[in-house]
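Spelled out, the chains give:
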Amino acid sequence: MHEFLLYSQIPVARHEQVLHILAGVCAAQPTSMCQQHLIYQQLKVADAASKKGASAKQQSAQTQRPSYHKLLRDISSGDGEQSAWTFRAEDVPLPGMQAVISRPVEERVLDHAELEKFREGGSRYKYTNQFITPMERFVHNNVVIRVSRVLSVPEGTGALEPLDAPTPVLADCRPVDPSGSYLFEACVRVEDGTNSKLTEQAMSELQALKNQLEGAVDLRVPDRLSLDTRVKGA
Amino acid sequence: MALPPEQIRALDQLRQRLSQLSQSLASARADLERSDPVPSWPTLQRDAELLVHNLNRYHETMNEHRAFLTAAHAYPLPTFPGPSQEHVLAQLMRKKLEPKAEDWIAASTKPKTRDAAQLNGLQNGDTSRDVRLDREEYRDLWKWAGATSSGIANGMMINDAFEDNYTLAEREAGVENVVTGLKRNLDDDSDDEDEDGEGDEKMQEAMPSKPAEPGVDASRPPIALETLLRFTSTGTLPPQR
(Lines give C-alpha, C1' and ligand atoms only; values in the text may rest on other atoms or scores of the structure.)
Protein backbone atom coordinates (compact mmCIF):
# COMPACT_ATOMS: atom_id res chain seq x y z
CA MET A 1 0.00 0.00 0.00
CA HIS A 2 1.09 3.50 -0.71
CA GLU A 3 0.19 6.72 1.07
CA PHE A 4 0.16 10.30 -0.12
CA LEU A 5 0.03 12.89 2.60
CA LEU A 6 -0.16 16.57 3.33
CA TYR A 7 0.05 18.05 6.78
CA SER A 8 -0.87 21.15 8.69
CA GLN A 9 -1.22 22.33 12.23
CA ILE A 10 -4.37 23.85 13.69
CA PRO A 11 -4.09 26.11 16.73
CA VAL A 12 -6.58 25.38 19.50
CA ALA A 13 -8.47 28.59 18.86
CA ARG A 14 -9.19 27.60 15.27
CA HIS A 15 -10.00 23.95 15.86
CA GLU A 16 -13.80 24.36 15.98
CA GLN A 17 -13.80 26.63 12.98
CA VAL A 18 -11.72 24.25 10.91
CA LEU A 19 -14.06 21.38 11.81
CA HIS A 20 -17.00 23.47 10.61
CA ILE A 21 -15.22 24.34 7.40
CA LEU A 22 -14.36 20.72 6.77
CA ALA A 23 -17.90 19.63 7.49
CA GLY A 24 -18.96 22.06 4.81
CA VAL A 25 -16.32 20.99 2.33
CA CYS A 26 -17.00 17.29 2.84
CA ALA A 27 -20.76 17.76 3.21
CA ALA A 28 -20.71 15.50 6.23
CA GLN A 29 -20.07 15.64 9.92
CA PRO A 30 -16.87 14.05 11.13
CA THR A 31 -16.49 10.69 12.78
CA SER A 32 -14.95 10.93 16.20
CA MET A 33 -12.31 8.35 16.86
CA CYS A 34 -9.55 7.67 19.27
CA GLN A 35 -6.55 5.54 18.50
CA GLN A 36 -3.80 4.17 20.63
CA HIS A 37 -0.42 3.81 18.98
CA LEU A 38 2.42 1.71 20.38
CA ILE A 39 5.81 2.36 18.89
CA TYR A 40 8.18 -0.56 18.72
CA GLN A 41 11.80 -0.53 17.76
CA GLN A 42 12.93 -3.33 15.55
CA LEU A 43 15.86 -5.08 17.22
CA LYS A 44 16.97 -6.93 14.19
CA VAL A 45 15.91 -6.70 10.62
CA ALA A 46 13.42 -9.33 9.74
CA ASP A 47 14.60 -11.84 7.21
CA ALA A 48 13.04 -11.16 3.86
CA ALA A 49 11.20 -14.47 3.88
CA SER A 50 8.91 -13.48 6.72
CA LYS A 51 7.96 -10.23 5.06
CA LYS A 52 5.42 -10.07 2.34
CA GLY A 53 5.50 -8.98 -1.25
CA ALA A 54 6.33 -5.54 -2.40
CA SER A 55 7.11 -3.99 0.93
CA ALA A 56 9.66 -6.68 1.61
CA LYS A 57 11.42 -5.94 -1.61
CA GLN A 58 11.36 -2.24 -0.98
CA GLN A 59 12.65 -2.76 2.49
CA SER A 60 15.45 -4.99 1.49
CA ALA A 61 16.35 -2.64 -1.28
CA GLN A 62 16.90 0.02 1.29
CA THR A 63 19.67 -0.11 3.80
CA GLN A 64 19.14 -2.97 6.15
CA ARG A 65 18.62 -0.79 9.15
CA PRO A 66 16.08 -1.55 11.83
CA SER A 67 12.99 0.64 11.81
CA TYR A 68 10.29 1.72 14.15
CA HIS A 69 7.03 -0.10 13.65
CA LYS A 70 3.70 0.61 15.23
CA LEU A 71 0.83 -1.30 16.67
CA LEU A 72 -2.38 0.62 16.80
CA ARG A 73 -5.93 0.03 17.79
CA ASP A 74 -9.16 1.91 18.05
CA ILE A 75 -10.12 2.79 21.59
CA SER A 76 -12.91 5.20 20.76
CA SER A 77 -15.56 2.83 22.07
CA GLY A 78 -14.49 3.81 25.58
CA ASP A 79 -14.08 1.06 28.15
CA GLY A 80 -15.94 -1.52 26.11
CA GLU A 81 -14.16 -4.18 24.13
CA GLN A 82 -11.13 -2.99 22.26
CA SER A 83 -10.50 -3.63 18.64
CA ALA A 84 -7.66 -5.84 17.52
CA TRP A 85 -4.15 -4.55 17.19
CA THR A 86 -3.13 -3.47 13.73
CA PHE A 87 0.46 -3.67 12.65
CA ARG A 88 1.69 -0.67 10.75
CA ALA A 89 5.07 -0.13 9.17
CA GLU A 90 5.72 3.19 7.49
CA ASP A 91 8.62 3.52 5.15
CA VAL A 92 10.77 6.58 4.82
CA PRO A 93 8.99 8.96 2.43
CA LEU A 94 10.30 8.76 -1.09
CA PRO A 95 12.86 11.42 -1.91
CA GLY A 96 12.34 13.88 -4.71
CA MET A 97 8.63 14.41 -4.15
CA GLN A 98 8.00 18.13 -3.88
CA ALA A 99 4.20 18.30 -3.84
CA VAL A 100 3.26 15.62 -1.35
CA ILE A 101 4.68 13.11 1.07
CA SER A 102 4.67 9.76 -0.62
CA ARG A 103 5.57 6.61 1.24
CA PRO A 104 4.95 2.90 1.13
CA VAL A 105 3.04 1.60 4.10
CA GLU A 106 2.28 -1.84 5.33
CA GLU A 107 -0.76 -2.36 7.45
CA ARG A 108 -2.45 -5.54 8.60
CA VAL A 109 -4.40 -6.89 11.49
CA LEU A 110 -2.30 -9.16 13.67
CA ASP A 111 -3.38 -12.49 15.00
CA HIS A 112 -2.31 -13.84 18.35
CA ALA A 113 0.73 -15.68 17.07
CA GLU A 114 2.17 -12.63 15.42
CA LEU A 115 1.33 -10.48 18.39
CA GLU A 116 3.61 -12.63 20.50
CA LYS A 117 6.63 -11.17 18.71
CA PHE A 118 5.88 -7.81 20.25
CA ARG A 119 5.62 -9.01 23.80
CA GLU A 120 8.31 -8.42 26.27
CA GLY A 121 11.27 -10.73 26.00
CA GLY A 122 10.82 -11.13 22.26
CA SER A 123 13.96 -10.88 20.22
CA ARG A 124 12.44 -8.91 17.39
CA TYR A 125 10.91 -5.83 18.92
CA LYS A 126 11.45 -3.54 21.85
CA TYR A 127 8.70 -1.28 23.14
CA THR A 128 9.71 2.37 22.83
CA ASN A 129 6.79 4.64 23.50
CA GLN A 130 3.13 5.14 22.87
CA PHE A 131 0.68 7.89 22.18
CA ILE A 132 -3.03 8.37 21.89
CA THR A 133 -4.78 10.36 19.23
CA PRO A 134 -8.34 11.51 19.70
CA MET A 135 -9.39 12.62 16.26
CA GLU A 136 -12.12 13.82 14.00
CA ARG A 137 -12.09 12.02 10.71
CA PHE A 138 -13.55 13.41 7.47
CA VAL A 139 -13.68 11.82 4.08
CA HIS A 140 -13.64 13.97 0.98
CA ASN A 141 -13.65 12.07 -2.29
CA ASN A 142 -10.74 9.70 -1.78
CA VAL A 143 -9.00 11.91 0.73
CA VAL A 144 -9.18 10.92 4.36
CA ILE A 145 -8.72 13.93 6.60
CA ARG A 146 -7.76 13.43 10.21
CA VAL A 147 -7.70 16.31 12.66
CA SER A 148 -6.10 14.84 15.73
CA ARG A 149 -4.23 15.79 18.81
CA VAL A 150 -1.24 13.71 19.75
CA LEU A 151 -1.32 12.87 23.44
CA SER A 152 1.56 11.36 25.31
CA VAL A 153 0.69 8.91 28.03
CA PRO A 154 1.71 9.42 31.66
CA GLU A 155 5.19 8.30 32.47
CA GLY A 156 5.54 4.69 33.41
CA THR A 157 2.51 3.51 31.44
CA GLY A 158 4.63 1.23 29.33
CA ALA A 159 6.35 -0.37 32.29
CA LEU A 160 3.93 -3.24 32.27
CA GLU A 161 3.32 -5.23 29.16
CA PRO A 162 1.76 -2.47 27.02
CA LEU A 163 -0.20 -4.91 24.88
CA ASP A 164 -2.16 -6.15 27.86
CA ALA A 165 -2.17 -3.01 29.95
CA PRO A 166 -5.47 -1.24 30.33
CA THR A 167 -5.97 1.73 28.07
CA PRO A 168 -4.48 4.82 29.60
CA VAL A 169 -7.06 7.22 30.96
CA LEU A 170 -7.45 10.07 28.52
CA ALA A 171 -7.65 12.63 31.28
CA ASP A 172 -4.14 11.69 32.40
CA CYS A 173 -2.65 12.18 28.97
CA ARG A 174 -0.97 15.39 27.96
CA PRO A 175 -0.63 16.82 24.49
CA VAL A 176 2.84 16.45 23.09
CA ASP A 177 2.52 19.98 21.85
CA PRO A 178 2.06 22.11 24.96
CA SER A 179 0.17 24.73 22.95
CA GLY A 180 -2.46 22.06 22.33
CA SER A 181 -2.44 22.53 18.58
CA TYR A 182 -4.02 19.88 16.40
CA LEU A 183 -2.39 17.82 13.71
CA PHE A 184 -4.14 18.06 10.37
CA GLU A 185 -3.42 15.13 8.10
CA ALA A 186 -4.84 14.66 4.62
CA CYS A 187 -4.17 11.24 3.22
CA VAL A 188 -4.93 9.27 0.08
CA ARG A 189 -4.12 5.58 0.12
CA VAL A 190 -3.45 3.62 -2.99
CA GLU A 191 -3.16 -0.15 -3.00
CA ASP A 192 -0.64 -0.28 -5.80
CA GLY A 193 1.97 2.45 -5.56
CA THR A 194 3.40 1.55 -8.94
CA ASN A 195 0.21 2.20 -10.87
CA SER A 196 0.92 5.66 -12.21
CA LYS A 197 -2.70 6.33 -13.14
CA LEU A 198 -3.81 5.78 -9.57
CA THR A 199 -0.97 7.69 -8.00
CA GLU A 200 -1.53 10.63 -10.30
CA GLN A 201 -5.18 10.75 -9.38
CA ALA A 202 -4.32 10.51 -5.71
CA MET A 203 -1.92 13.40 -5.96
CA SER A 204 -4.30 15.54 -7.98
CA GLU A 205 -7.06 14.97 -5.43
CA LEU A 206 -4.75 16.00 -2.64
CA GLN A 207 -3.70 19.04 -4.60
CA ALA A 208 -7.34 19.94 -5.27
CA LEU A 209 -8.09 19.75 -1.57
CA LYS A 210 -5.06 21.89 -0.83
CA ASN A 211 -6.28 24.53 -3.26
CA GLN A 212 -9.80 24.37 -1.92
CA LEU A 213 -8.70 24.83 1.65
CA GLU A 214 -6.25 27.55 0.81
CA GLY A 215 -6.59 30.37 3.28
CA ALA A 216 -8.47 28.20 5.76
CA VAL A 217 -5.92 25.46 6.29
CA ASP A 218 -2.50 25.78 4.76
CA LEU A 219 -1.51 22.27 3.83
CA ARG A 220 2.17 21.71 3.33
CA VAL A 221 4.80 19.09 2.93
CA PRO A 222 6.88 18.67 6.07
CA ASP A 223 10.53 17.79 6.04
CA ARG A 224 10.73 14.32 4.61
CA LEU A 225 13.16 13.13 7.22
CA SER A 226 10.84 14.07 10.08
CA LEU A 227 8.90 11.01 9.00
CA ASP A 228 12.03 8.87 9.00
CA THR A 229 11.23 5.65 10.82
CA ARG A 230 14.73 4.19 10.75
CA VAL A 231 16.40 3.61 14.05
CA LYS A 232 19.25 6.03 14.56
CA GLY A 233 22.63 4.84 15.73
CA ALA A 234 21.74 1.21 15.47
CA MET B 1 -67.97 50.77 -57.21
CA ALA B 2 -67.36 47.14 -56.39
CA LEU B 3 -65.23 46.59 -53.28
CA PRO B 4 -62.53 43.95 -53.36
CA PRO B 5 -63.97 40.61 -52.25
CA GLU B 6 -61.94 40.44 -49.01
CA GLN B 7 -63.31 43.78 -47.89
CA ILE B 8 -66.82 42.66 -48.55
CA ARG B 9 -66.09 39.54 -46.58
CA ALA B 10 -64.75 41.66 -43.74
CA LEU B 11 -67.91 43.71 -43.64
CA ASP B 12 -70.00 40.58 -43.81
CA GLN B 13 -68.08 39.02 -40.98
CA LEU B 14 -68.50 42.12 -38.88
CA ARG B 15 -72.22 42.13 -39.59
CA GLN B 16 -72.43 38.52 -38.50
CA ARG B 17 -70.58 39.17 -35.28
CA LEU B 18 -72.70 42.16 -34.49
CA SER B 19 -75.91 40.29 -35.13
CA GLN B 20 -74.73 37.43 -32.90
CA LEU B 21 -73.85 39.90 -30.20
CA SER B 22 -77.13 41.68 -30.46
CA GLN B 23 -79.00 38.39 -30.45
CA SER B 24 -77.29 37.17 -27.34
CA LEU B 25 -77.84 40.53 -25.66
CA ALA B 26 -81.47 40.44 -26.58
CA SER B 27 -81.96 36.89 -25.37
CA ALA B 28 -80.18 37.65 -22.09
CA ARG B 29 -82.33 40.67 -21.61
CA ALA B 30 -85.47 38.76 -22.44
CA ASP B 31 -84.47 36.09 -19.96
CA LEU B 32 -84.05 38.64 -17.22
CA GLU B 33 -87.23 40.41 -18.02
CA ARG B 34 -89.52 37.52 -18.54
CA SER B 35 -88.53 34.56 -16.54
CA ASP B 36 -90.05 34.30 -13.12
CA PRO B 37 -88.40 33.64 -10.80
CA VAL B 38 -85.14 35.29 -11.87
CA PRO B 39 -82.91 32.82 -13.75
CA SER B 40 -80.49 30.86 -11.58
CA TRP B 41 -76.88 31.94 -11.13
CA PRO B 42 -75.46 29.33 -13.51
CA THR B 43 -77.83 30.49 -16.24
CA LEU B 44 -76.87 34.12 -15.75
CA GLN B 45 -73.27 33.14 -15.70
CA ARG B 46 -73.64 31.26 -18.94
CA ASP B 47 -75.37 34.22 -20.57
CA ALA B 48 -72.63 36.54 -19.43
CA GLU B 49 -69.99 34.20 -20.71
CA LEU B 50 -71.70 34.00 -24.05
CA LEU B 51 -71.86 37.78 -24.22
CA VAL B 52 -68.22 38.15 -23.41
CA HIS B 53 -67.39 35.52 -25.98
CA ASN B 54 -69.36 37.30 -28.67
CA LEU B 55 -67.87 40.64 -27.71
CA ASN B 56 -64.43 39.16 -27.98
CA ARG B 57 -65.09 37.73 -31.41
CA TYR B 58 -66.47 41.08 -32.54
CA HIS B 59 -63.40 42.78 -31.13
CA GLU B 60 -61.11 40.35 -32.93
CA THR B 61 -62.85 40.95 -36.22
CA MET B 62 -62.60 44.71 -35.74
CA ASN B 63 -58.93 44.43 -34.99
CA GLU B 64 -58.30 42.15 -37.91
CA HIS B 65 -59.72 44.62 -40.44
CA ARG B 66 -58.74 47.76 -38.57
CA ALA B 67 -56.89 49.33 -41.50
CA PHE B 68 -59.79 48.90 -43.91
CA LEU B 69 -62.48 49.86 -41.44
CA THR B 70 -60.81 53.08 -40.34
CA ALA B 71 -60.23 54.10 -43.94
CA ALA B 72 -63.74 53.17 -45.12
CA HIS B 73 -66.37 55.83 -45.61
CA ALA B 74 -70.00 55.35 -46.24
CA TYR B 75 -71.68 57.29 -48.94
CA PRO B 76 -75.09 56.73 -50.43
CA LEU B 77 -75.63 55.67 -53.97
CA PRO B 78 -78.18 57.54 -56.00
CA THR B 79 -80.28 54.41 -56.01
CA PHE B 80 -80.58 54.37 -52.22
CA PRO B 81 -84.20 54.93 -51.23
CA GLY B 82 -83.41 58.07 -49.27
CA PRO B 83 -86.87 59.44 -48.60
CA SER B 84 -88.28 56.15 -47.31
CA GLN B 85 -85.21 55.10 -45.32
CA GLU B 86 -84.16 58.42 -43.94
CA HIS B 87 -83.51 57.15 -40.44
CA VAL B 88 -81.14 54.43 -41.59
CA LEU B 89 -79.42 56.88 -43.90
CA ALA B 90 -78.87 59.37 -41.10
CA GLN B 91 -77.42 56.65 -38.89
CA LEU B 92 -75.10 55.45 -41.60
CA MET B 93 -73.86 58.88 -42.49
CA ARG B 94 -73.31 59.94 -38.94
CA LYS B 95 -69.60 60.45 -38.08
CA LYS B 96 -69.99 61.12 -34.42
CA LEU B 97 -71.49 58.88 -31.81
CA GLU B 98 -75.04 59.43 -30.76
CA PRO B 99 -75.42 61.97 -27.96
CA LYS B 100 -76.75 59.23 -25.68
CA ALA B 101 -73.68 57.05 -26.25
CA GLU B 102 -71.36 60.00 -25.79
CA ASP B 103 -72.91 60.85 -22.43
CA TRP B 104 -72.61 57.29 -21.37
CA ILE B 105 -68.91 57.11 -22.29
CA ALA B 106 -68.20 60.41 -20.59
CA ALA B 107 -69.92 59.30 -17.43
CA SER B 108 -67.99 56.08 -17.15
CA THR B 109 -64.52 57.30 -18.09
CA LYS B 110 -64.14 60.84 -16.78
CA PRO B 111 -62.86 61.24 -13.25
CA LYS B 112 -65.47 62.60 -10.98
CA THR B 113 -65.02 65.85 -9.17
CA ARG B 114 -64.87 65.79 -5.44
CA ASP B 115 -68.36 67.15 -5.06
CA ALA B 116 -69.81 64.58 -7.33
CA ALA B 117 -67.87 61.85 -5.59
CA GLN B 118 -69.08 62.96 -2.21
CA LEU B 119 -72.62 63.29 -3.40
CA ASN B 120 -72.79 60.08 -5.32
CA GLY B 121 -70.29 57.80 -3.68
CA LEU B 122 -69.47 58.68 -0.15
CA GLN B 123 -72.73 59.99 1.14
CA ASN B 124 -74.79 57.27 -0.40
CA GLY B 125 -72.32 54.67 0.69
CA ASP B 126 -72.46 53.43 -2.87
CA THR B 127 -69.06 51.86 -3.25
CA SER B 128 -69.76 50.43 -6.68
CA ARG B 129 -69.58 53.93 -8.07
CA ASP B 130 -66.27 55.07 -9.36
CA VAL B 131 -64.73 57.22 -6.69
CA ARG B 132 -61.63 58.58 -8.30
CA LEU B 133 -59.30 61.24 -7.05
CA ASP B 134 -57.60 63.66 -9.34
CA ARG B 135 -53.90 64.18 -9.35
CA GLU B 136 -53.90 66.99 -6.84
CA GLU B 137 -55.95 65.09 -4.37
CA TYR B 138 -53.56 62.17 -4.64
CA ARG B 139 -50.64 64.46 -3.97
CA ASP B 140 -52.34 65.89 -0.92
CA LEU B 141 -53.23 62.46 0.32
CA TRP B 142 -49.68 61.15 0.05
CA LYS B 143 -48.22 64.28 1.55
CA TRP B 144 -50.41 63.80 4.54
CA ALA B 145 -50.06 60.03 4.71
CA GLY B 146 -46.26 60.01 4.44
CA ALA B 147 -45.75 62.53 7.19
CA THR B 148 -48.34 61.00 9.45
CA SER B 149 -47.21 57.40 9.09
CA SER B 150 -43.56 58.26 9.60
CA GLY B 151 -44.59 60.23 12.67
CA ILE B 152 -46.33 57.17 14.05
CA ALA B 153 -43.36 54.97 13.20
CA ASN B 154 -40.98 57.43 14.85
CA GLY B 155 -43.07 57.36 17.97
CA MET B 156 -42.84 53.58 18.01
CA MET B 157 -39.09 53.73 17.50
CA ILE B 158 -38.69 56.07 20.45
CA ASN B 159 -40.78 53.77 22.62
CA ASP B 160 -38.68 50.79 21.51
CA ALA B 161 -41.84 49.16 20.32
CA PHE B 162 -39.93 47.35 17.58
CA GLU B 163 -37.41 45.99 20.04
CA ASP B 164 -40.12 44.81 22.37
CA ASN B 165 -40.91 41.15 22.69
CA TYR B 166 -44.63 41.91 22.65
CA THR B 167 -46.79 43.90 20.28
CA LEU B 168 -48.44 47.12 21.38
CA ALA B 169 -51.79 45.40 21.37
CA GLU B 170 -50.43 42.64 23.62
CA ARG B 171 -48.98 45.23 25.97
CA GLU B 172 -52.28 47.00 26.23
CA ALA B 173 -54.22 43.80 26.82
CA GLY B 174 -51.78 42.68 29.49
CA VAL B 175 -48.69 40.63 28.89
CA GLU B 176 -49.64 37.85 31.31
CA ASN B 177 -52.25 36.49 28.95
CA VAL B 178 -49.99 36.17 25.94
CA VAL B 179 -49.25 32.59 24.97
CA THR B 180 -45.64 32.54 23.82
CA GLY B 181 -44.93 28.88 24.34
CA LEU B 182 -41.85 29.88 26.29
CA LYS B 183 -41.29 29.19 29.93
CA ARG B 184 -38.65 31.79 30.65
CA ASN B 185 -39.69 35.33 31.34
CA LEU B 186 -39.40 37.53 28.29
CA ASP B 187 -40.55 40.67 30.00
CA ASP B 188 -37.43 42.07 31.59
CA ASP B 189 -38.46 45.71 31.50
CA SER B 190 -37.84 45.97 35.21
CA ASP B 191 -34.10 45.34 34.97
CA ASP B 192 -33.56 47.33 31.81
CA GLU B 193 -31.21 49.71 33.53
CA ASP B 194 -28.85 47.29 35.14
CA GLU B 195 -28.69 45.16 32.02
CA ASP B 196 -26.54 47.75 30.36
CA GLY B 197 -24.16 47.70 33.25
CA GLU B 198 -23.88 43.98 33.59
CA GLY B 199 -24.09 43.17 29.94
CA ASP B 200 -20.54 42.01 29.57
CA GLU B 201 -20.68 39.86 32.65
CA LYS B 202 -23.89 38.26 31.51
CA MET B 203 -22.39 37.48 28.18
CA GLN B 204 -19.52 35.74 29.81
CA GLU B 205 -21.86 33.74 31.97
CA ALA B 206 -23.95 32.76 28.99
CA MET B 207 -20.99 31.69 26.91
CA PRO B 208 -18.40 30.24 29.21
CA SER B 209 -15.08 29.78 27.60
CA LYS B 210 -14.16 26.14 27.12
CA PRO B 211 -12.88 24.63 30.29
CA ALA B 212 -9.14 24.76 30.21
CA GLU B 213 -7.79 21.42 29.09
CA PRO B 214 -5.03 20.00 31.23
CA GLY B 215 -1.62 20.47 29.75
CA VAL B 216 -2.83 22.93 27.17
CA ASP B 217 -1.51 26.43 27.16
CA ALA B 218 -2.86 28.08 24.04
CA SER B 219 -0.67 31.10 24.56
CA ARG B 220 2.46 29.11 23.89
CA PRO B 221 3.73 28.85 20.37
CA PRO B 222 3.05 25.50 18.75
CA ILE B 223 5.98 23.16 18.32
CA ALA B 224 7.20 22.59 14.82
CA LEU B 225 5.17 20.19 12.72
CA GLU B 226 8.34 18.24 12.05
CA THR B 227 8.97 17.74 15.75
CA LEU B 228 5.49 16.38 16.21
CA LEU B 229 5.82 14.05 13.25
CA ARG B 230 9.18 12.87 14.48
CA PHE B 231 7.50 11.87 17.70
CA THR B 232 4.70 10.01 15.95
CA SER B 233 7.25 8.24 13.77
CA THR B 234 9.85 7.25 16.31
CA GLY B 235 8.46 8.00 19.74
CA THR B 236 11.16 10.52 20.44
CA LEU B 237 9.71 13.22 22.62
CA PRO B 238 10.61 16.81 21.81
CA PRO B 239 13.60 17.89 23.90
CA GLN B 240 12.03 20.95 25.51
CA ARG B 241 9.61 18.91 27.55
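Residues numbered from 1 in each chain as written. Chains lettered and ligands numbered in written order. Predicted model: local features only at pLDDT ≥ 70, side-chain atom pairs only at ≥ 80, totals over all residues. Heavy atoms only, no water.

Draft legend 1. Main features of the overall build of chain A. Broken down by element type, chain A carries 4 helices and 10 strands. Here chain A, with 234 residues, has 50% of them falling under the buried criterion. Of the roughly 11000 Å² of accessible surface on chain A, a fraction of 51% belongs to carbon and sulfur atoms. (Helix = DSSP H or I, 4+ residues; strand = E, 2+ residues; numbered from the N terminus. Buried < 20%, exposed > 50% of the residue type's maximum accessible area, 1.4 Å probe, protein only. Areas by Shrake-Rupley, 256 points an atom, 1.4 Å probe, with all protein chains shown as cover.)

Draft legend 2. Molecular detail of the interface of chain A and chain B. The interface of chain A with chain B comprises 34 residues on the first partner and 25 residues on the second. Between chain A and chain B, the buried area comes to about 2600 Å², and carbon and sulfur atoms account for 61% of it. Considering only the side of chain A, the residues that lose the most area to chain B are A:Val176, A:Pro178 and A:Ser226, jointly responsible for 23% of the buried surface there. The interface formed by chain A and chain B includes 1 salt bridge. Between A:Arg220 and B:Glu226 there is a salt bridge, with the nearest N and O atoms lying 3.4 Å from each other. Remark: the boundary between chain A and chain B carries 8 residue pairs in polar contact (both at pLDDT 80 or more). (Contact = heavy atoms within 4.5 Å. Buried area = accessible area lost by both parts, 1.4 Å probe. Salt bridge = Lys/Arg side-chain N within 4 Å of Asp/Glu carboxyl O. Polar contact = N/O pair within 3.5 Å; in protein donor to acceptor, adjacent residues only side chain to side chain.)

Draft legend 3. Fine view of the pattern of salt bridges. Per the counting criterion, the structure on display carries 15 salt bridges over all chains. Among the ionic pairs, A:Arg108 bridges to A:Glu106, the shortest N-O distance being 2.4 Å. Each member of the pair, A:Arg108 together with A:Glu106, is buried. The partner of B:Arg29 in a salt bridge is B:Glu33, with the nearest N and O atoms 3.4 Å apart. Of this pair, B:Arg29 and B:Glu33 both sit in helix H1 (residues 5-34), separated by 4 residues, roughly a single helical turn.

Draft legend 4. Spotlight on the packing of aromatic side chains. Residue and element names in this part refer to chain A. Using the criterion set out here, one finds 6 aromatic pairs over all chains in the structure. Between the aromatic rings of Tyr40 and Tyr127, the centroid separation amounts to 5.9 Å while the plane-to-plane angle is 70 degrees, which identifies the pairing as edge-to-face. Residue Tyr40 is located in strand S2 (residues 31-42), and its partner Tyr127 is located in strand S6 (residues 125-140); the two are separated by 87 residues in the primary sequence. On the accessibility criterion, Tyr40 (0% relative accessible area) is buried. Clustering of aromatic rings is evident, with ring pairs tying together Tyr40, Phe87, Phe118, Tyr125 and Tyr127. (Phe/Tyr/Trp six-rings, centres within 6.5 Å; stacked < 30°, edge-to-face > 60°.)

Draft legend 5. Layout of the pairing of strand S3 (residues 68-74) of chain A. Residue and element names in this part refer to chain A. Extensive coverage of S3 is indicated by the burial of 6 of its 7 residues. Sheet analysis places S2 next to S3, joined by 7 bridges and oriented antiparallel. If you follow Ile39 over to S3, its bridge partner there is Lys70. As judged from the 3 bridges shared by S3 and strand S4 (residues 86-90), these two strands associate in the antiparallel manner. Bridge pairing in S4 places Lys70 opposite Arg88. (Pairing = 2+ DSSP bridges.)

Draft legend 6. Molecular detail of the environment of B:Arg46. All names here are of chain B. Structurally, Arg46 is set in helix H2 (residues 41-64). Owing to a relative accessible area of 54%, Arg46 belongs among the exposed residues under this scheme. Sequence spacing of Arg46 and Ala28 is 18 residues, and the spatial spacing of their C-alpha atoms is 9.7 Å.

Draft legend 7. The packing of H1(B) against H2(B), seen in detail. All names here are of chain B. Interhelical geometry of H1 versus H2 gives an angle of 160 degrees and a closest axis separation of 9 Å. Regarding the angle of H1 to H2, the classification is roughly antiparallel. Classified by chirality, the crossing of H2 by H1 is left-handed. Two secondary-structure elements touch here, H1 through Gln13, Leu14, Arg17, Leu18, Gln20, Leu21, Ser24, Leu25, Ala28, Asp31 and Leu32 and H2 through Leu44, Asp47, Leu50, Leu51, Asn54, Leu55, Arg57, Tyr58, Thr61 and Met62. Taken together, the residues of the contact of H1 with H2 break down into 12 nonpolar, 5 polar and 4 charged. (Axes fitted to C-alpha atoms, helices over the stretch in contact; angles between N-to-C directions. Parallel < 35°, antiparallel > 145°, perpendicular 65-115°, else oblique. Left-handed = near helix turned anticlockwise from the far one by under 90°. Nonpolar A, V, L, I, M, F, W, Y, C, P; charged D, E, K, R; others polar.)

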